[in-house]
Amino acid sequence: MAHRMLRIVPEKCTGCMQCELACSFVQTGAFQPSRSVIRVHLFDEQASYAPYTCFQCREAWCMTACPVNAIAVNLATGAKVVLEQTCVGCALCTIACPFGTMFYNPDTKKAFKCNLCEGDPACARACPTAAIVYEAAAPDWMTPWADKVHSRYLEAVSSSS
Amino acid sequence: MGGWTGKILRVDLTRRSVKVEPLNIAWARDFIGGRGLGARYLFAEMDPRVDALSPDNKLIFATGPLTGTNASCGARYMVVTKGALTGAITTSNSGGHWGPELKFAGYDMVIVEGKAPEPMYLWIYDDEVEIRSARHLWGRTTWETEDLIREESGVPDAVVASIGPAGERLVRFACIINDRHRAAGRSGVGAVMGSKNLKAIAVRGTRGVALAEPKAFLEATWTAKARMAKNPVTGSGFAKFGTLATMDPINEVGALPTFNHQQGQFEGVQQIGAGALKKSGRLLTNKACFACTIACGRVTKVTGGGVERYTIYTSRKNWRMAAEGPEYENAWSLGADCGIADQDAILMANYLCNELGMDPISMGVTVAAAMELYEKGVLTEEQCGIALRFGSGGALLKMVEDTGWRRGIGAELAEGAMRLTARFGHPELFMGVKGQEFPAYDPRGLQGMGLGYATSNRGACHLRAFTAGAEVFGKMDRTATDGKAELTKKLQDTGAGSYDASGLCSFVDSAIGPKDVVPMLAAATGLPYTVEEILKIGERIHNLERLFNLRAGFTAKDDTLPRRMLAEPTPSGPSAGMVNRLAEMLPRYYEIRGWDADGRPTPAKLADLGLA
Ligand code: SF4
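Residues numbered from 1 in each chain as written. Chains lettered and ligands numbered in written order. Predicted model: local features only at pLDDT ≥ 70, side-chain atom pairs only at ≥ 80, totals over all residues. Heavy atoms only, no water.

## A few points about the side chain of K605 of chain B
Alright, step 1. Here K605 of chain B is to be found in helix α27 (residues 603-608).
Alright, step 2. Residue contacts for K605 of chain B: discarding those within four places in its chain leaves E539, N543, R593 and G594 of chain B. (Helix = DSSP H or I, 4+ residues; strand = E, 2+ residues; numbered from the N terminus. Contact = heavy atoms within 4.5 Å.)

Shown next as structure tokens:
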């Protein structure tokens, strides 16, 4: 299951916010950084800037926390996506996510998060410095273990649907 | 309609009231935004003869329809007011994140009127707008002010534009700082803010900037971005070297003003240029403003022992942290013009200007004038508290700090170079126009820059008609006066209409022009703008500012340069023997502007521009 992921290269980031603008445009059709699911942090005194967004954890805490199974896996991209019809807006997922990358929209009263734009992430396209690249992740020590958990899960969902 | 939010905030500090008003859409169409729209409101609402530091002056913060969008460099806001340094209309531009945040809060402009009875700051969080006490912030630096407001409000994403001790003390060239290192720098807009007892405007916005035709807008911004990425200046040069890349070529043609414009070349240029900043390890990385794909910002650190060598009393905890600067202008004004080749001194003076809230161009040129007064024996070591010699980093830093706090001789420097030199009997040593100090191009070696300085509506300025682009990096003969009137007018109108009014940074202009801006503006606003119309809007803005200045009491006599530029030839180097031949260019300039011999727009011109 070699899904591509968003790799962040902080040394290249200039803090320009084009990624947030592109993301918010996908979410809302307007430029509204407060609705972006990628967030840029400017560590000015350390001369360091970096965006961060959902890692699409293989074992996702948001999914585990959701009481109504409103978070599903997109089998093509591996993205964890919020099913708007099912979401009841309890916001438990936003508390469960250890990375702060699950958000709550007070207007729609639903949770929202990065869905990798169906395999063509707008942030990576918009970044002028290639500080965000959408590519196959290099395996680390956790990968084989997480893959096992993940594929077990995928089997379960695909057989139940 | 999109681009504009359609709402403006009117804040009356005297009455402590805040009102939301609809944007005047007819004016928005004819003046676009930023510099143009701000000038339109100021001209309509205020008598140009009011004292710049009185409660009658208004202080306008204006964004453009492209501010807050993904148009590359759509970060800008303009501060429009009567300048404390010049008494002329000023339009002072800043990047960073403040302008976009104001749009996200739902406003195109903020108009500040009157004077608060005691220090206040304005808090804007979408619909929540409040005038709050700033007693506890008075006397704080701009950096401390930003941190304190974010802490006390509990809103870490609030973006703050504030004045420092210099603005509070009405230093005539005080600026407004946002995001720590971004400045609405010139003409003393910070002093106007200080005179109103307004310490800061903090903004947090969570809404969006909508577009009339989203798809067409994205296409237009992507086309412009692709063009900028391919251009050697906007694509890589400015990211690698910053604006400092300009220093070597300007020095090579003998137009780098040195020792208060006595010379056109600086010996120490190798020690303070772009290469040196990188090699010495002081340059840590580059940084972008909001939506900027150029990223010319220099993120630097004092590494050369400057912290040990120099004594600074303001915010010492910051001297070990990364900060921003210098740009070319600051490296020149605080460096070459004062004869200083020590990077640490320049960096520290630059950071100090940001913390205290002062324009480093005017600061450096004022120190250079004081150094020349000292050289002539007019100012003494006793008066200054230090030997105010050209080349002394210690003297520079002491002057900067004393000026920001208005201490000792600093109280005289705080009045700017024109008033300083006049006060000590040598008005001929003021290097500037209409009270505003020169930027980093000697008009003796660059004829066009002289005309641009003399006719800029906000006093000497390199951003209103950057003829050096054509004269040094392009094909025009820098020593000739032919065609400079036409070039100056064209650049003035293009800049005003396409970048300054729309919310873009003028640095886009190496790569894109009105024909790229038009599709963005049209798709954002839904109005069928054309290139001709944008240039006409630029001309309209320039003429409106001119009318303001004429009513404020300026005449053709003020469209001039200091005697040194007109009559004292550059002593040596590639521009040796040259003076600026303004008299060969100015009449032609008036003529093609449609102005009479006294520099007044003719009724026919005003009618043509819809200003009659
Ligand atoms: S678009 Fe790229 S460079 Fe700009 S803030 Fe995002 S990650 Fe950084």
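Still more ground to cover, so stick around.
## Concerning the site of the ligand
Alright, step 1. Near the ligand lie 14 residues; those nearest to it are C13, C16, M17, C19 and C127 of chain A.
Alright, step 2. When the residues that make up the shell around the ligand are grouped by side-chain class, the tally is 10 nonpolar, 4 polar and no charged. (Near = heavy atom within 4 Å. Nonpolar A, V, L, I, M, F, W, Y, C, P; charged D, E, K, R; others polar.)

## Details of the packing of aromatic side chains
Two numbers describe a pair of aromatic rings. These are the distance of the centres and the angle of the planes.
Alright, step 1. Counted under the stated rule, the structure contains 19 aromatic pairs over all chains.
Alright, step 2. Ring centres 5.3 Å apart and planes at 35° place the aromatic pair F25 of chain A and F31 of chain A in the tilted group.
Alright, step 3. Considering the side-chain rings of W123 of chain B and Y125 of chain B, the 6.4 Å spacing of their centres and the 55° angle between planes classify their relative orientation as tilted.
Alright, step 4. Residue Y125 of chain B is classed as partly exposed on the basis of its relative accessible area of 28%.
Alright, step 5. A cation over an aromatic ring shows up here: K199 of chain B above the ring of W138 of chain B, its NZ or CZ 6.0 Å from the ring centre.
Alright, step 6. A cation sits over an aromatic face here: R540 of chain B above F31 of chain B, 5.9 Å from the ring centre. (Phe/Tyr/Trp six-rings, centres within 6.5 Å; stacked < 30°, edge-to-face > 60°. Buried < 20%, exposed > 50% of the residue type's maximum accessible area, 1.4 Å probe, protein only. Lys NZ or Arg CZ within 6 Å of the ring centre and 35° of its normal.)

## Quick look at the environment of P574 of chain B
Residue and element names in this part refer to chain B.
Alright, step 1. Within the secondary structure layout, P574 lies in the loop between α25 (563-567) and α26 (582-593).
Alright, step 2. Accessibility expressed as a relative area gives 37% for P574, which makes it partly exposed.
Alright, step 3. The contacts of P574, once residues within four sequence positions are left out, are E252, V253, G254, Q265 and R478.

## With respect to the interface of chain B and chain A
Alright, step 1. Opposite the 33 residues of chain B that make contact, chain A presents 20 residues.
Alright, step 2. Surface buried jointly by chain B and chain A totals about 2,100 Å² across both partners, of which 63% is contributed by carbon and sulfur atoms.
Alright, step 3. The salt bridge partner of K287 of chain B is D44 of chain A, with a shortest N-O separation of 2.9 Å.
Alright, step 4. The tally of links from chain B across to chain A stands at 11 residue pairs in polar contact (both at pLDDT 80 or more).
Alright, step 5. Within the residue set of the side of chain B that touches chain A, elements represented by two or more residues are α7 (214-230) and β13 (283-287) of chain B.
Alright, step 6. Here the element with the most residues in the side of chain B that touches chain A is α7 of chain B; it accounts for 5 residues.
Alright, step 7. For the side of chain B that touches chain A, the residue count by class is 18 nonpolar, 10 polar and 5 charged. (Buried area = accessible area lost by both parts, 1.4 Å probe. Salt bridge = Lys/Arg side-chain N within 4 Å of Asp/Glu carboxyl O. Polar contact = N/O pair within 3.5 Å; in protein donor to acceptor, adjacent residues only side chain to side chain.)

## Remarks on the domain arrangement of chain A
Residues and elements named next belong to chain A.
Alright, step 1. Taken domain by domain, chain A consists of domain 1 (1-53 + 118-161) and domain 2 (57-113).
Alright, step 2. Counting residues at the interface gives 21 residues for domain 1, matched by 19 residues for domain 2.
Alright, step 3. Both faces considered, domain 1 and domain 2 share a buried interface measuring about 1,500 Å² in area, 61% of it formed by carbon and sulfur atoms.
Alright, step 4. Summed over the shared surface of domain 1 and domain 2, the number is 1 salt bridge.
Alright, step 5. Of the charged contacts, one joins R35 and D107 as a salt bridge, the two residues approaching to 3.4 Å between their closest N and O atoms.
Alright, step 6. Remark: the boundary between domain 1 and domain 2 carries 3 residue pairs in polar contact (both at pLDDT 80 or more).
Alright, step 7. Element by element, the count of residues in the side of domain 1 that touches domain 2 is highest for helix α5 (residues 143-160), at 8 residues. (Domains from an automatic or database assignment.)

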